[in-house]
Protein chains: 2
Amino acid sequence: MELFYGTLSGEGLMTLDSEEASHCTRVMRHRAGESINVIDGSGTMYVCELLEAGPKGAGAKVLEAVPGFGSHPYRLTMAVCPTKNPDRYEWFAEKVTEIGVDDIAPVIGDRSERRVLKTARLERIVLSAAKQSLKGAVPRVLEPVSVSELLQGAPAEALRLICHCAEGKRVGIAEALEMPGPADKRNIFILIGPEGDFSDKELELAERLGWIPASLGDSRLRTETAAVVAAAAVYLKNPEEPV
Amino acid sequence: MELFYGTLSGEGLMTLDSEEASHCTRVMRHRAGESINVIDGSGTMYVCELLEAGPKGAGAKVLEAVPGFGSHPYRLTMAVCPTKNPDRYEWFAEKVTEIGVDDIAPVIGDRSERRVLKTARLERIVLSAAKQSLKGAVPRVLEPVSVSELLQGAPAEALRLICHCAEGKRVGIAEALEMPGPADKRNIFILIGPEGDFSDKELELAERLGWIPASLGDSRLRTETAAVVAAAAVYLKNPEEPV
């Protein structure tokens, strides 16, 4: 099965842009009248009939809507500082999309060396990974904010974990994901710092706001590796309900 | 802390090759008499005094040996089919090295598209990752064998998991890692198939030999992603004993 990406209009019509249409008809060789599977990024997969395709795009008629296609039973925000090497951040974005994530939130730490990133490029990578891994919901790539802004902005009722390497008491992530308490364990925020870790100011703010200091174990993981291990920990703790 | 790589001789002398010596003296600017930390890949980290360095290499005197440096409390063999895109396999090798692995075993499946790979290049990547993540033991990159050979060659007393996407009863990997039974849960083999999955013949052989069919959850993961998630599952299940 392959997924295409389109925009849904009110009249049950799905529109593919020229790039997507070209992939659909020239690479995958679909013809008018054939069935194609299309997502619009919102979570639903639409079984469609391809109508017409041309250089400017393609239209398809929605036959059936499959909600929650490839969905996961939790909401996860991965707030991760940009890595010095942009390839590594792109690798992280692709991998957490395959595994299951809702928001990718780049955050700039006091000690971040890299303070800008190419959001549009990340969005393309995330869309491609969502299509390849058959997920109807395409994760959002948020505009970068500071670590402080993210610490303050995450809802207090969510399960909020800050993963750092500094001294101090930390809970293993597997345990943190199961801790009794009022936090909504199905709405998870995980914050991963830059190569130089968080500043004291950021750690104090996190503590004051009730973020749980979590440990990703004893291995010294690169930022992007830590992020993927954390996303895997959430994924492995939350298997789909058996049907 | 940074680690250098050298060869240990019987008289407590550590030798760095010319590339390593150049990195040590020109890039990191160490001088004779200074303390440097060196691994030989066997698991021990040697605190050394840099003696002399020249274009052909450098010598260092071992002052102290720290065994089990950065070690993990299990033995893990990741047997993973080469990916069509070699970059992805290199990412996998780097990431599982950071997380904790002992052997990286490329395996060629009946349905493998890629049947050759650059072992020397992988070894360089793995060594670099071991140094960067401060591990004294450098994982081995084994010569490729067929899936059948690996299925038969893995010791029967090890915990042997085959991760596939075909029909049939599978145990979630977290559960498989904790299953009661005679298998040695500290000697783990995980087998990840190619993009086209294992052939029926391979799956039947695995079953006959007592490999446990394991599931990595509901997400459709690329080969290299599946491998990293599996390694993360082992890592997260096996935190270091508290000191």
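Residues numbered from 1 in each chain as written. Chains lettered and ligands numbered in written order. Predicted model: local features only at pLDDT ≥ 70, side-chain atom pairs only at ≥ 80, totals over all residues. Heavy atoms only, no water.

### Points about the interface of chain A and chain B
When the parts of a complex come together, some accessible area is lost, and that lost area is often taken as the interface size. We count it as follows: Any two residues whose heavy atoms approach within 4.5 Å are treated as being in contact. The term buried area refers to how much accessible surface (probe radius 1.4 Å) is lost by two components on association, counted for both of them together. Every case where a carboxyl oxygen of Asp or Glu lies within 4 Å of a side-chain nitrogen of Lys or Arg is listed as a salt bridge.
At the junction of the two partners, chain A supplies 28 residues and chain B supplies 27 residues. Surface buried jointly by chain A and chain B totals about 2,500 Å² across both partners, of which 57% is contributed by carbon and sulfur atoms. When the area that chain A buries against chain B is broken down by residue, the three leading residues are Trp91(A), Arg220(A) and Tyr235(A), summing to 24%. Between chain A and chain B we count 6 salt bridges in total.

### A word on the side chain of Arg160(A)
All names here are of chain A. The line we're drawing: Working definition: helices are DSSP H or I runs of at least four residues, strands are E runs of at least two. Numbering for both runs from the N terminus. The buried label goes to any residue with under 20% of its type's maximum accessible area, the exposed label to any with over 50%, and the partly exposed label to all in between, with areas taken from a 1.4 Å probe on protein chains only. The charge count treats Lys and Arg as positive and Asp and Glu as negative. His and the chain ends do not count.
Within the element layout of this structure, Arg-160 appears in strand 11 (residues 158-163). One buried charged residue, Arg-160, forms no salt bridge at all, with the nearest opposite charge on Glu-157 at 7.6 Å. In contact with Arg-160, not counting residues within four places along its chain, are Ala-154, Pro-155, Phe-189, Leu-209, Gly-210, Trp-211 and Ile-212.

### Section: unusual backbone geometry
Although it is not a glycine, Leu134(A) adopts a positive phi angle of roughly 60°. As for its placement among the helices and strands, Leu134(A) is situated in the loop between helix 3 (119-132) and strand 9 (140-141).

### Some words on the pairing of strand 11 (residues 158-163) of chain B
The two faces of a sheet get side chains in turn, since along a regular strand they alternate between them. Residues and elements named next belong to chain B. Selection rule: Two strands are said to pair when DSSP picks up at least two bridges between them.
Of all 6 residues making up strand 11, 6 are buried, and the element is well covered by its neighbours. Residues Ala-158, Arg-160 and Ile-162 line one face of strand 11 and the alternating positions Leu-159, Leu-161 and Cys-163 line the opposite face, and both faces are buried. Note: strand 11 against strand 14 (residues 212-215), 3 bridges, orientation parallel. Opposite Ile-162, over in strand 14, you have Pro-213 as the bridge partner.

### Notes on the side chain of Lys95(B)
Short version of the rule: In protein, a polar contact means a hydrogen-donor-capable atom and an acceptor-capable atom, both N or O and within 3.5 Å, with residues adjacent in sequence counting only if both atoms are side-chain atoms; elsewhere, any N or O pair within 3.5 Å suffices.
In this fold, Lys95(B) is placed in helix 2 (residues 86-99). A distance of 2.8 Å separates a polar atom in the side chain of Lys95(B) from a polar atom in the side chain of Glu94(B). Among the polar contacts listed, one links the side chain of Lys95(B) to the side chain of Glu98(B), at a separation of 3.0 Å. Those residues in contact with Lys95(B) that lie beyond four places of it in its chain are Arg88(A), Trp91(A), Arg222(A), Glu224(A), Thr225(A) and Val228(B).

### Observations regarding the relation of the copies chain A and chain B
Look at the two chain copies: a rotation about an axis and a shift along it is all it takes to match them. We apply this condition: Fitting of the copies onto one another was done by least squares over C-alpha atoms, counting residues only where both copies have pLDDT of at least 70.
After a rotation of 180° and a shift along the axis of 0.0 Å, chain A superposes on chain B with an RMSD of 0.0 Å. Within this description, the copies of the chain are treated as partners about a two-fold rotation axis. A shared binding surface is used by both copies, with 96% of the interface residues of chain A retained as interface residues in chain B.

### Re the pattern of salt bridges
Under the defined criterion, the tally for this structure stands at 24 salt bridges over all chains. Put simply, Glu98(A) and Arg222(B) hold a salt bridge, and the shortest N to O gap is 4.0 Å. Note that Glu98(A) is positioned in helix 2 (residues 86-99) and Arg222(B) in the loop between strand 14 and helix 7 (223-237), a pairing that runs across two chains. Residues Glu224(B) and Arg88(B) are paired through a salt bridge, measuring 2.7 Å at the closest nitrogen-oxygen approach. Of this pair, Glu224(B) sits in helix 7 while Arg88(B) is found in helix 2, placing the two residues 136 residues apart along the sequence. On the basis of relative accessibility, which here comes to 4%, the residue Glu224(B) falls in the buried class. One network of salt bridges, in which partners are shared, links Arg88(A), Arg222(A), Glu224(A), Glu94(B), Lys95(B) and Glu98(B).

### Details of the domain arrangement of chain A
All names here are of chain A. Put simply, the rule reads: The domain limits used here are those given by an automatic or database domain assignment. Each residue is assigned to one of three groups, with Ala, Val, Leu, Ile, Met, Phe, Trp, Tyr, Cys and Pro labelled nonpolar, Asp, Glu, Lys and Arg labelled charged, and all others, Gly among them, labelled polar.
Each assigned domain of chain A is listed with its residue range as follows: domain 1 (4-66) and domain 2 (75-236). The straight-line distance from the C-alpha centre of domain 1 to that of domain 2 is 33 Å. The interface is formed by 8 residues belonging to domain 1 together with 6 residues belonging to domain 2. Interface area for domain 1 against domain 2, summed over the two sides, is near 500 Å², with a carbon-plus-sulfur share of 66%. Per-residue buried area on domain 1 facing domain 2 is highest for Tyr-5, Ile-39 and Gly-41; these three make up 62% of the total on that side. At the surface where domain 1 touches domain 2, the tally comes to 1 salt bridge. Linking domain 1 with domain 2 are 3 residue pairs in polar contact (both at pLDDT 80 or more). Looking at the side of domain 1 that touches domain 2, its residues break down into 3 nonpolar, 4 polar and 1 charged.

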